Protein chains: 2
Amino acid sequence: MVVIKIYDTTLRDGSQREGISYSTEDKLNITKKLDELGVDYIEGGWPGSNPKDIEYFNKVQDLKLENAKIAAFGSTRRANIKAEEDKNLNAILASGVKVATIFGKTWDLHVTQALKTTLEENLKMIESSVAYLKSKGLEVNFDAEHFFDGYEANPEYATKVLQAAEKGGANTLILCDTNGGTMPFRIKEIIAKVKEEVNTPLGIHAHNDTELAVANSLTAYEAGAVQIQGTINGYGERCGNANLSSIMPNLKLKYNEDFITDEQLSKITEVSRYVSEVANLNPPSHKPYVGDSAFAHKGGIHVSAILRDSKTYEHIRPELVGNKQRVLVSELSGKSNLVYKAQELGINIEEESTDLRAVLDKIKDLEHQGYHFEGAEASFELLVEKATGRYTKLFELEGVRIITEKSEDISPLSEATIKVKVNGERVHTAAEGDGPVNALDGALRKALISFYPELKDIHLIDYKVRVLEGNEGTSAKVRVLIESTDGHQTWGTVGASTNIIEASWQALVDSIEYGIKLKQSNK
Amino acid sequence: MVVIKIYDTTLRDGSQREGISYSTEDKLNITKKLDELGVDYIEGGWPGSNPKDIEYFNKVQDLKLENAKIAAFGSTRRANIKAEEDKNLNAILASGVKVATIFGKTWDLHVTQALKTTLEENLKMIESSVAYLKSKGLEVNFDAEHFFDGYEANPEYATKVLQAAEKGGANTLILCDTNGGTMPFRIKEIIAKVKEEVNTPLGIHAHNDTELAVANSLTAYEAGAVQIQGTINGYGERCGNANLSSIMPNLKLKYNEDFITDEQLSKITEVSRYVSEVANLNPPSHKPYVGDSAFAHKGGIHVSAILRDSKTYEHIRPELVGNKQRVLVSELSGKSNLVYKAQELGINIEEESTDLRAVLDKIKDLEHQGYHFEGAEASFELLVEKATGRYTKLFELEGVRIITEKSEDISPLSEATIKVKVNGERVHTAAEGDGPVNALDGALRKALISFYPELKDIHLIDYKVRVLEGNEGTSAKVRVLIESTDGHQTWGTVGASTNIIEASWQALVDSIEYGIKLKQSNK
């Protein structure tokens, strides 16, 4: 029985997604993560088209990879020259890889219109290009671009294309649904036909333009394809490539395909979030298996049930993919959510107490104002303390003023001055910063540090701004989320206001108060 | 031949998504849009569980709907009482709907553990609840909750549940994959078995926990289900419900199912974006069919090809779903993208000119600094003007100062003062605002309005802030996107800086300059 091979193209096809641009260092870091995850192939780039990719292929040779082979991407040779003379193919050879993936035109329309050559010459280009790379000792995947559209238009020619690559000695023939428009039932029917015409192992490369890339990949697998191409988080041009973050768990947990270890599978959530971070995109919170919300429960009925037996509303145990169950604190949620959450935070609230009612009322009120405690658990904890009379102030604000000045074409300077009272003592400080909030942060720290030396270990690591109403221009309400750390733990805080300074102030004060109290309680 | 029915639960199951909370007005507005789209059923809420939903059901009766029937959701009666005595069922009747959808437990585990009743009593609850609602003249859908998990655990009991609903007179039996964990091949096999045991029409309600909700819905349709339940944009708890924004185009364009008109289908992009706006979520830019990126092209090869023939890289014509082709201006893109884009904007750049090189260099430089011209076409147009020497300044900034002051627990006040020179004349103005950027906007408008009276028609409609690097706290770089309108056209502008005031200033100035020039050229 052939074990399925996973071919990752996050670094090449995945980087075609709007907004993504990886540095060489980014690509090397992602390569290491993908290798730990246990993918079989990592397509690193296109040495013939992009000089930056050549640097990657040089450096990747120094990585000690455990599982994955590095593949270089490219096209078949240009028309009417010898393969040996083709710059693109020689760039692949020069890159030092042991695996090449070259794509060729399969749809007659593309051969005549985009490539502007004859159908016959295209077949020769495919065969000779594959044969050339094979003669140099490379393993060669042939990507049959637009295979399914080509097959619908001209099945005979699409089949000849595969046979040309087979004659050239290709190790695997990858059937690409380049435009992502093919339905699963056609994938199945067409693969059955193809298997009558070629003997080389098949692979699938699907795109998500009909929201069926995962289904098409699994359909191809069921039909006998032995290589699945895709990207982490389904990143890719337009609607993305087939999402390996869903395909790999599906294969392992639903089809019981033993192609990676349990330990490797348990890294997939981490890999997903790592890639989104490096890509500078928000983590895909609602994605299957790996999303922050994939095992998050909001409805009161669901929450009571999962507290009794998690299987009731979870199709797998989240730990299998390195994710975890979450219960959301929200306006809609019932008492059991809040009690669960408070317990998780080590706060003991009784199910029928007046404290619980007070906290629920406060949450409801604040959420109406635009606050959101999902992701701001430190603010939530302070809110519970305040609503139940457990809160003690660390300082009193008397006043704060922030000035930002700029002249034409010169970057502005922000300065904050702050007056606070700590333990009855009045402190007045000032600080400059990159922006108004950065200046405010600086001035507040200066004011508090001599009273709370713990502050020196507390740092802001993320600052997010979300505009809440999309139709009121610059007077819209904003929500600020701040994430902070003391080097060991991280915590999130929230503020909301029509004034971004006020919203930032609220989140900043919560962050600092929570951090100081945390450090004090750990002493 | 039975025509497939679309059952929309955006307002009920869809609102379980993290972060969504609709007002009654929101729900009524979405109802109108869904009706225009041509869905057959709109599930408005759960009158028995949520008092806010009762208001919706009262008001929705005044809407003149063309296509859709309004459905109310609820559960079967409680154990050991009569259906007539059940508050939940009577709330459905009181809501005034003609269609009820009630769910019952199908998985034996849930009956005994969550419901804490006997398997036998559960069957009676289902039959009598359906029969009661039917006796009052309602059309009744029975949602078999956890049907597929229940069937895997105890096929005999799951079948009995369906038969109980059938005996009660249910119009349709909805097979729910509540936990979203079922693979398409099992959906197909199980539906085939079910059809041997019941005669009532079947429906499907899928969740996306394995990224297969669309595939599972289509598989059920192929197996003979005649009702598909889902939500716009696939909103829903955890990983969401089956996405109608993909299912409807797939059925119409790929299966040639004639269940809505071409005109209705062409509204689906608008409906998708409308719902995301009302839900206060970013529009789902990479979603199939309806996403802003669904027909966006970045790679240079793709762009040259679609300029020749759009079919080469688009699986359908975007207009069919009311979407449009976009070519992205990006660091990665080639000359053909830029020429295409410039032509679209009415700027004539030659493919081989030095102008083109200058613009490409400028874009590359600015994108490295964090600018992003996707979505900021007005800034792009001004950039092209600047890089090619076509730009004329409307005013010169001499200086600007913004002060934000607050005292404890009082919302801060922001004031901006600005000095500009317009046509050699110096103007000095001041304005207050909800926040620093709002104040700045006010002061700049005051300074310019007497010179450029066109300004009074120009308004900011959206203001977005994105933090670019996620790991430097409040000194992170921010990108500001502003969308503006003159009542006829809208345009987007961008700014980037470590200082949010500076980034906002850049986007604001571009917005105002572009708007004034636009109005002047239209005169």
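Treat the numbers as computed from the prediction; the structure is a model and nothing was measured. All residue numbers refer to position in the chain's written sequence, counted from 1. Lettering of chains starts at A and numbering of ligands starts at 1, both following the order in which they are written. With pLDDT at 70 or above as the cut-off, local features in this predicted model cover only qualifying residues; side-chain atom pairs require 80 or more to be listed or tallied, and sums for whole chains, interfaces and linings still use all residues.

A run of H or I in DSSP becomes a helix once it reaches four residues, and a run of E becomes a strand once it reaches two; helices and strands are each numbered from the N terminus. Secondary structure summary: chain A contains 18 helices and 16 strands in total. Structurally, chain A occupies a C-alpha span of about 90 × 60 × 45 Å along its principal axes. Partly exposed residues are those falling between the two cut-offs: more than 12 but fewer than 20 other C-beta atoms within 10 Å of their own, whereas 20 or more means buried and 12 or fewer means exposed, with C-beta atoms placed from the backbone. Out of the 523 residues belonging to chain A, those deemed buried represent 55%. Note on contacts: residues are paired as contacts if their backbone-placed C-beta atoms lie within 7 Å. Sequence separation of 24 or more characterises 67% of the internal contacts of chain A that already satisfy a separation of 6 or more.

Once that is clear, we can look at the confidence of the model for chain A. pLDDT expresses, on a scale from 0 to 100, how confident the predictor is about each individual residue. On average, residues of chain A score 89 in pLDDT, and 95% of them reach the 70 mark or higher. Two numbers describe this predicted complex: its pTM, 0.78, and its ipTM, 0.78.

With that settled, consider the sheet that holds strand β11 (residues 396-406) of chain A. Strand pairing in a sheet takes place through backbone hydrogen bonds and is either antiparallel or parallel in direction. When DSSP finds two or more bridges between two strands, those strands count as paired. Reading across from one edge, β13(A)-β12(A)-β11(A)-β11(B)-β12(B)-β13(B) is the order of the six strands in this open sheet, with antiparallel pairing throughout. Edge positions in the sheet fall to β13 (425-433) of chain A together with β13 (425-433) of chain B, since each of these pairs with one other strand and no more. The sheet shows a mean angle of 10 degrees between the axes of neighbouring strands, direction not considered. Direction of pairing for strand β12 (residues 413-422) of chain A relative to β13 of chain A: antiparallel, over a ladder of nine bridges. Looking across to β13 of chain A, one finds that V420 of chain A is bridged to V427 of chain A. A fitted line through C-alpha atoms serves as each axis, taken over the contacting stretch for helices, and the angle formed by two N-to-C directions is quoted from 0 to 180°.

Counting residues at the interface gives 98 residues for chain A, matched by 98 residues for chain B. The element best represented in the side of chain A that touches chain B is β11 of chain A, accounting for 11 residues. The classification used treats Ala, Val, Leu, Ile, Met, Phe, Trp, Tyr, Cys and Pro as nonpolar, Asp, Glu, Lys and Arg as charged, and all other residues, Gly among them, as polar. Broken down by class, the residue content of the side of chain A that touches chain B amounts to 34 nonpolar, 38 polar and 26 charged. With seven bridges joining them, β11 of chain A and strand β11 (residues 396-406) of chain B adopt antiparallel strand pairing. Note on β11 of chain B: the bridge partner recorded for T404 of chain A is I402 of chain B.

Residues and elements named next belong to chain B. Remark: helix α1 (residues 24-37) packs on helix α2 (residues 51-60), axes separated minimally by 9 Å, with the N-to-C direction vectors making an angle of 45 degrees. Classified by the angle between their axes, α1 and α2 sit oblique to one another. Relative to α2, the crossing made by α1 is right-handed. Across from T24, K27, L28 and T31 in α1, the residues of α2 making contact are K52, E55, Y56, K59 and V60. Of the residues contributing to the contact of α1 with α2, the split by class is three nonpolar, two polar and four charged. With respect to orientation, any angle under 35 degrees is reported as roughly parallel, any angle over 145 as roughly antiparallel, any angle of 65 to 115 as roughly perpendicular, and every other angle as oblique. The crossing is said to be left-handed when, going from far helix to near helix, the turn is anticlockwise and less than a right angle, and right-handed when the turn is clockwise.

All right, on to the relation of the copies chain A and chain B then. A least-squares fit on C-alpha atoms brings the copies together, and the residues used are those whose pLDDT is at least 70 in both copies. Mapping chain A onto chain B calls for a screw motion: a turn of 180 degrees about the axis and a shift of 0.1 Å along it, with 0.3 Å RMSD after fitting. Each copy turns onto its partner about a two-fold axis. No C-alpha of chain A lies nearer the rotation axis than that of I403 of chain A, which sits 2.1 Å from it. In this assembly, 99% of the residues forming the interface of chain A have copies in chain B that are likewise at the interface, indicating an isologous arrangement.

So, on to the domain arrangement of chain A. All names here are of chain A. Start and end positions for the domains come from either an automated domain assignment or a database one. Domains assigned within chain A are domain 1 (5-278), domain 2 (296-358), domain 3 (369-392 + 458-523) and domain 4 (395-451). When each unit is reduced to the centre of its C-alpha atoms, the spacing between domain 1 and domain 2 is 42 Å. Each side of the interface is counted separately: domain 1 has eight residues, and domain 2 has five residues. Mapped onto the side of domain 1 that touches domain 2, the elements with two or more residues apiece are α10 (244-254) and α12 (268-278). No other element matches α12, which puts three residues into the side of domain 1 that touches domain 2.

Residue and element names in this part refer to chain A. Side chains Q227 and Q229 project from strand β8 (residues 227-230) onto one buried face, and the interleaved I228 and G230 project onto a second face that is buried too. Where strand β1 (residues 5-8) lies against β8, four bridges are found, and the strand directions are parallel. For K5, the partnering residue across the bridge sits in β8 and is Q227. Taken together, the three bridges between strand β7 (residues 202-206) and β8 define a ladder with parallel strand orientation. When the sheet's bridge partners are listed, H205 is paired in β8 with Q229. In this fold, the crossover linking β7 to β8 by way of helix α9 (residues 213-222) has right-handed handedness. A right-handed crossover is one whose linking path, passing over the helix from the first strand to the second, runs clockwise when the strands point away from the viewer.

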